[in-house]
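A structural walkthrough
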Amino acid sequence: MTGATRATPPGPERIEGRAKVTGTARYAFEHPVADPLYLHPLRATIARGRVTSVDTAAAERVDGVRLVLTPHNAEALVPIGDPELAVLQSDEIAFRGQLIGAVVAETQEAAAHAADLVGIRYERMAHDSDFRDDADVVYTPDADASPMLSPDLELGDVDAALAEAAFTVDATYTTPTEHHNPLEPHAVIAAWDDDGLTLHDSNQGSHLVRDLVAPLFGVDKERVSVISPHVGGAFGSKGMPHGHVALTALAARHTAGRPVKYALSRTQMFELVGYRPPTRQRVRLGADREGRLVATEHDSLEQTSRFKQYAEQSASASREMYTSPNRRVTNRLAALDVPAPTWMRAPGEAGGMYALESAMDELAVRAGIDPVELRLRNEPEVAPVSGLPFSSRNLPACLREGAERFGWHERDPRPGVRREGDWLVGTGVAASSFPSLFFPGSLATVRHESGGNYRVEIGAVDIGTGSRTALTQLAAEALEVPVEAVELRLGSTEQPHASLAGGSAGTASWGSTVVEAVRAFRTEHGHDPVAGAETTAGAGKNPDAGEYAMHSYGAQFAEVRVNADTGEVRVPRMLGVFAAGRIVNPRTAHSQFRGGMTMGISMALHEHSVVDERFGHVVNHDLAGYHIAGNADVGSVEVDWIDEHDPHVNPVGVKGIGEIGIVGTAAAIGNAAHHATGVRVRDLPLTPEKFLR
Amino acid sequence: MKPFDYQRATDADSAISVVSRDPEAHYIGGGTNLVDHMKLGITEPGKLVDITRLPYDRVESLPDGRVRIGATVRNSDLAAEPVIRQRYPVLAQALLSGASGQLRNLATTGGNLLQRTRCSYFQDVTTPCNKREPGSGCSALEGWNRHHAVLGASERCVATHPSDMAVALAALDAAVLVEGPDGQRTVPVTELHRLPGDEPERDTVLRHGELVTAVELPPLPFASRSRYRKVRDRASFAFALVSVAAVVELAEGTITDVRIALGGIAHKPWRATEAERVLRGAPATEETFLAAADAELAGAETLRDNEFKVPMTRNTLASVLRELTRQEGS
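The shown structure was predicted, so the numbers you read here are calculated from the model rather than taken from an experiment.

Description of the environment of E362(A)
Tracing the chain through its elements places E362(A) in helix α7 (residues 349–367). For E362(A) and V283(A), which are 79 residues apart along the polypeptide, the C-alpha to C-alpha distance reads 11 Å.

If you want it as structure tokens, here you go:
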């Protein structure tokens, strides 16, 4: 199914585009290093217990094997409070697949073969990997313990308001475990020499990796270099270094300076580098006769690991989305013997807005109000909980523009009445929202080389989003020179400290840093600087932080077809209209939005890591079993945005676009599937059997 | 992966002699399944005998109307073969619905027939599986069994056969030509694969060392009106949840002859003889189609996650028959 797709809008092409398509851009594993060795990990095949013995004799006899590392012979690391990085520090097993050793050999094949010959004995303990709402596993995370956690919210009297509401919805939505699976797997090359440790690593923040790995090995930060010029996708899974980085660096301590290389297999990526935890979310909405919300309740239960807490906070999506005088929002965790979850593209919002925006659609159907109109009627004037003004909020414009472009106004609201051949046809809408974040602490160096040519350095990582290009543009603009006159260097700890590539905050944080560094450079060196003039500076605190509620918004529209005989679901057409502050590079921004929406199609229809609680592992742990959308599953995906000028968010007026594209997509598709069939599925993904009649 | 020897066969006799004398030797064709298994540790051959240079790479129309497909003909080439597209569209459609273009370019006819189940527990050496390790137990029986069998399974194994091509071949009454140390024999495709019973480790009736050399299609003139419909979780590159291969002969609104095979629901390509019995001689109506499907599925036994396969198979079979008989009428 193909349709007309708007041409890619103009904007500078990705600077490294040619290098990537011609294969000369080097990813972590591809850096040429002298005389490397290869690591193959040993992983626990039980979900809880202890390693009692490891027989390495047969493995050590394999030709080319140089080292077999186990919990019994690994050197002590400095405890830094991250259990994932404390590899081989005890014989305890906290989840199935946990790293419990490694074989290092002259070839990958020898390492893998020898790893099969290692005899591991365990003491098994009963494990619990069954995600459920039971008091024995569920607890309330301590919101004081982390700035990432928001406490429960209770405003007004939700129960009383629901009792008097003209229309109510009370529904429970579930979302499954999902795994990121970026195209480039996690990979690292570790080498120690007299100067310290060098890591060629695939990550979202080389400075962050350095800041964690250096203390882990008890060395000064200056003695750790992390080099990451190109990263082939991450989606949050490379936000924090995982155990494999520590394991590889640990192994490289024993190889007399020879580099050790390790790239995770696809199956290992289902165990070792995080995932989006499953959620069970109950949403209760109450509205008056006109469809105005009088009560909003959103309670979310999410899986975490007993081994390392992570909180997704899905219910927090309902804190500031719509007006509602009575509101209750709670987030709970179920702690299990499973690997640690982590951020995955729009953590919290992706799952939370799926539930809220599905419930809003159910409310629209119940109240007989058009779902676009229902959202417009619940537009708050100020942020509902904090009472702060919005720095800018153009959700209504997105909804109206999207409805116009999509042809929404001709829509017959009745579900299950349109049929074309064997296919039932429907359309759906959902809103998107994502906080506009700014990470402090980045620095950039601006240097005038000569003749009006500048070099700008910032230790950020371009994970494939186009950051290198956007930052070059912002630097050139601030310097008032053509983009060709700016050479931007990033992707390494050789450049000044930069924050993580996450939270859709890259361009906002690093762009502001680059622009402020240019201003500082001009203040110091003027408009006619000498060759070699150089300034390093960062962005100060945003004076408007805490004065405004800052979010980006969007409206997602989907057409869905469901096969009347087989239940197969297809999405021939999607449109997303976003309001996300200044769009620095329309070409690469278009690609970000579209990529997010495509991942949203995947979330809606396919992605599901099936956990077998008897073993505590993901059963479909490869890309044949874990489906993501293929080309044939993606029809026309149109993207556009509202011109939005936001003077409050940051010096460059950028809100971030990496994540909002996935937010709302699954709800729009689920709502359209209901419109097509009359069947309301509240359990992702929307697989064929759920529509079979 | 265990180290192994590799040799390229130059003639069939010596290849058969090498493999039949060595219990650790395997033939290798396109390698699209076997190499995965070696990486996963499911199969650990000591020796691979590459048969892709043997002279089995042609599709021939025989004087009596049969078509002989060499065992090393690649899936993409077979799907593009004019005689297949014109006379046996069900087979071309089945081939093109399988795997990806890259895999079809490598996969051979013989290898496709002999590919093994995609049961996740079979493919994971850290979980029990009777097919991989007889007597260790079936993890799918009470585990994740959404893709598993509803017909012909046993307490020992509920795996399904993954091939699309083999389902079409079963509907076409194809025959498999096999050479072994004791000479040549012919096995109907419908009898090549086994039901699991007490020996789920045995996928087929072939003996170690026997080599598939060709597949023969009968003339079957009415097969030009045939269809393969594959229902799957995404639009491409996914194994069938259920599939239907059907060949129908129609005269004045009555089904005069019919061949049906089902995929994704059993340990082997499932020839739907009960459905065929109901359809043969019956009027081409919705009632007949559903009665045929119900007759075939009467013995279905479902597991925790695969109940949907019964209505999905029923609906899909009816849909394919509707389409094929509507084609005839227009």
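Examining empty space enclosed by the protein
A probe matching the size of a water molecule, rolled over the atoms, marks out where space remains unfilled. Under the counting rule described, the total for this entry stands at nine cavities of 30 Å³ or more. The space that makes up the largest cavity amounts to roughly 110 Å³. Around the largest cavity sit 13 residues that line it, and F270(A), P339(A), G616(A), H617(A) and V618(A) are the ones nearest its centre. When the residues that make up the lining of the largest cavity are grouped by side-chain class, the tally is six nonpolar, five polar and two charged. The wall of the second largest cavity is formed by 16 residues, among which C119(B), C129(B), C138(B), C157(B) and A159(B) lie closest to the centre. In the lining of the second largest cavity, the residues fall into 10 nonpolar, four polar and two charged.

Section: the pairing of strand β6 (residues 175–180) of chain B
Residue and element names in this part refer to chain B. Burial analysis of β6 places six of its six residues in the buried class, which makes it a mostly covered element. Side chains A175, L177 and E179 project from β6 onto one buried face, and the interleaved V176, V178 and G180 project onto a second face that is buried too. As paired strands, β6 and strand β7 (residues 183–188) are joined by six bridges and run antiparallel to one another. Counterpart to L177 in the pairing with β7 is T186. Two successive antiparallel strands, β6 and β7, enclose a turn made up of two residues. Two elements, β6 and strand β8 (residues 211–217), share five bridges in a ladder whose sense is antiparallel. Paired with E179 across the bridge in β8 is L211.

Some points on the UniProt feature "domain: Aldehyde oxidase/xanthine dehydrogenase a/b hammerhead" (unreviewed entry) in chain A
In the numbering adopted here, UniProt assigns the feature "domain: Aldehyde oxidase/xanthine dehydrogenase a/b hammerhead" (unreviewed entry) to residues 22–126 of chain A. Taken as a whole, residues 22–126 of chain A contains 13% helix and 32% strand, while its terminal C-alpha atoms sit 51 Å from one another.

Structural notes on the pattern of salt bridges
Residue and element names in this part refer to chain B. Under the definition given, this model contains 81 salt bridges over all chains. As a salt-bridge pair, R66 and E216 come within 2.4 Å of each other at their nearest N and O atoms. Highlighted residues: R66 in the loop between β4 (59–61) and β5 (67–70) and E216 in strand β8, separated in sequence by 150 residues. A residue is classified by how much of its surface remains accessible, and E216, at 8% relative accessible area, is buried. R202 is paired through a salt bridge with E199; the nearest N and O atoms lie 3.2 Å apart. A relative accessible area of 34% means that R202 is categorised as partly exposed. With a relative accessible area of 33%, E199 lands in the partly exposed category.

Considerations on the interface of chain A and chain B
If you look at the interface, chain A gives 32 residues, while chain B gives 32 residues. For the pair chain A and chain B, the two sides together bury roughly 2600 Å², of which 52% comes from carbon and sulfur. Of all residues in chain A, D565(A), H627(A) and E689(A) bury the most surface against chain B, accounting for 19% of the area lost on that side. Here chain A is connected to chain B by three salt bridges. Of the charged contacts in the structure, one is a salt bridge between R322(B) and D565(A), with a shortest N-O distance of 3.4 Å. Linking chain A to chain B there are 12 residue pairs in polar contact (both at pLDDT 80 or more). It is helix α3 (residues 108–116) of chain A that contributes the most residues to the side of chain A that touches chain B, four residues altogether.

So, the packing of α7(A) against helix α13 (residues 665–677) of chain A
All names here are of chain A. Look at α7 against α13: their axes get within 8 Å of each other, and the N-to-C directions meet at 30°. Read as a crossing pair, α7 and α13 show a hand that is right-handed. From α7, M353, Y354, E357, S358, D361 and V365 reach across to α13, where they touch A666, A667, N671 and H674. Taken together, the residues of the contact of α7 with α13 break down into five nonpolar, three polar and two charged.

About the criteria used
- Residues numbered from 1 in each chain as written.
- Chains lettered and ligands numbered in written order.
- Predicted model: local features only at pLDDT ≥ 70, side-chain atom pairs only at ≥ 80, totals over all residues.
- Heavy atoms only, no water.
- Helix = DSSP H or I, 4+ residues; strand = E, 2+ residues; numbered from the N terminus.
- 1 Å grid on protein atoms, 1.4 Å probe; cavity = no way out; pocket = protein on both sides within 12 Å on 5 of 7 lines; lining within 4 Å.
- Points joined across faces, edges and corners; volume = space filled by probe spheres on them.
- Nonpolar A, V, L, I, M, F, W, Y, C, P; charged D, E, K, R; others polar.
- Buried < 20%, exposed > 50% of the residue type's maximum accessible area, 1.4 Å probe, protein only.
- Pairing = 2+ DSSP bridges.
- UniProt positions renumbered as here; feature names shortened; annotations may be inferred.
- Salt bridge = Lys/Arg side-chain N within 4 Å of Asp/Glu carboxyl O.
- Contact = heavy atoms within 4.5 Å.
- Buried area = accessible area lost by both parts, 1.4 Å probe.
- Polar contact = N/O pair within 3.5 Å; in protein donor to acceptor, adjacent residues only side chain to side chain.
- Axes fitted to C-alpha atoms, helices over the stretch in contact; angles between N-to-C directions.
- Left-handed = near helix turned anticlockwise from the far one by under 90°.

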